[in-house]
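# Reading the structure
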Amino acid sequence: MKNAILIISIFFISLASADGHLKSEQDVLASLEKYFEARNNNDYETVVAFESKTGTYGTNSNSDGSFHKPRQIPSVEQWKKFDQGGVTSVFYPEAIQLSEGVVLTRFYLEGVVTAGGNSSDYRTRVTMNWVKEGGKWVVK
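Residues numbered from 1 in each chain as written. Predicted model: local features only at pLDDT ≥ 70, side-chain atom pairs only at ≥ 80, totals over all residues. Heavy atoms only, no water.

### As for the pattern of salt bridges
Should their charged atoms come close, side chains of opposite charge can pair. All told, the structure shown has three salt bridges when counted by the stated rule. Residues Arg123 and Glu110 are paired through a salt bridge, measuring 3.0 Å at the closest nitrogen-oxygen approach. With Arg123 in strand 3 (residues 118-133) and Glu110 in strand 2 (residues 102-115), this residue pair connects regions lying 13 residues apart in the sequence. (Salt bridge = Lys/Arg side-chain N within 4 Å of Asp/Glu carboxyl O. Helix = DSSP H or I, 4+ residues; strand = E, 2+ residues; numbered from the N terminus.)

The structure is reproduced here in structure tokens:
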């Protein structure tokens, strides 16, 4: 009987972790929400605090035709230049721990970007790597 209880307990514990309920994944999803809330509120000091001090790597298409972006060292000044006057919303976020201290997030990002007096809607798929740096989860 003790063995049956032990096996059932192990089974339920493994289900909890396999379903994305790891503490690291929950923490990263909470950080993701705060990160985009700060971006929407133009709170660039908080945005930068959620980015790796050793830099971030991005891949996205821009009007300049580039795709893979070089490493960016985050700064408030950089974010002020990037601000396009839009609001973004995260939909269907998922977090998957890849290894100790590394969590991948994936989600849809929808928003409105305003530039030069013109507004346009967009929807895109996003993946972000989060790493544990100085005891805190940050975007890499």
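### As for the sheet that holds strand 1 (residues 87-99)
With antiparallel pairing, four strands are arranged side by side in an open sheet as 1-2-3-4. The outermost strands of the open sheet, each flanked by one partner alone, are strand 1 and strand 4 (136-139). Pairwise comparison of adjacent strand axes, ignoring direction, gives a mean angle of 25° for this sheet. Direction of pairing for strand 3 relative to strand 4: antiparallel, over a ladder of four bridges. Residue pairing across strands places Glu133 opposite Lys136, the latter belonging to strand 4. The strands touched by helix 2 (residues 23-40) within the sheet are strand 1, strand 2, strand 3 and strand 4, with strand 1 carrying the most contacts at an inclination of about 155°. (Pairing = 2+ DSSP bridges. Axes fitted to C-alpha atoms, helices over the stretch in contact; angles between N-to-C directions. Contact = heavy atoms within 4.5 Å.)

### Some thoughts on the packing of aromatic side chains
Applying the stated rule across the entire model yields eight aromatic pairs. Seen from their ring centres, Phe36 and Phe107 are 5.8 Å apart, and the 75° between their planes marks the pair as edge-to-face. With Phe36 in helix 2 and Phe107 in strand 2, this pair connects stretches of sequence that are 71 residues apart. Judged by its relative accessible area of 4%, Phe36 falls in the buried class. Seen from their ring centres, Tyr92 and Tyr108 are 6.3 Å apart, and the 85° between their planes marks the pair as edge-to-face. Linking Tyr92 in strand 1 with Tyr108 in strand 2, this pair joins segments that are 16 residues apart in sequence. (Phe/Tyr/Trp six-rings, centres within 6.5 Å; stacked < 30°, edge-to-face > 60°. Buried < 20%, exposed > 50% of the residue type's maximum accessible area, 1.4 Å probe, protein only.)

Read these as spatial facts, not as claims about activity.
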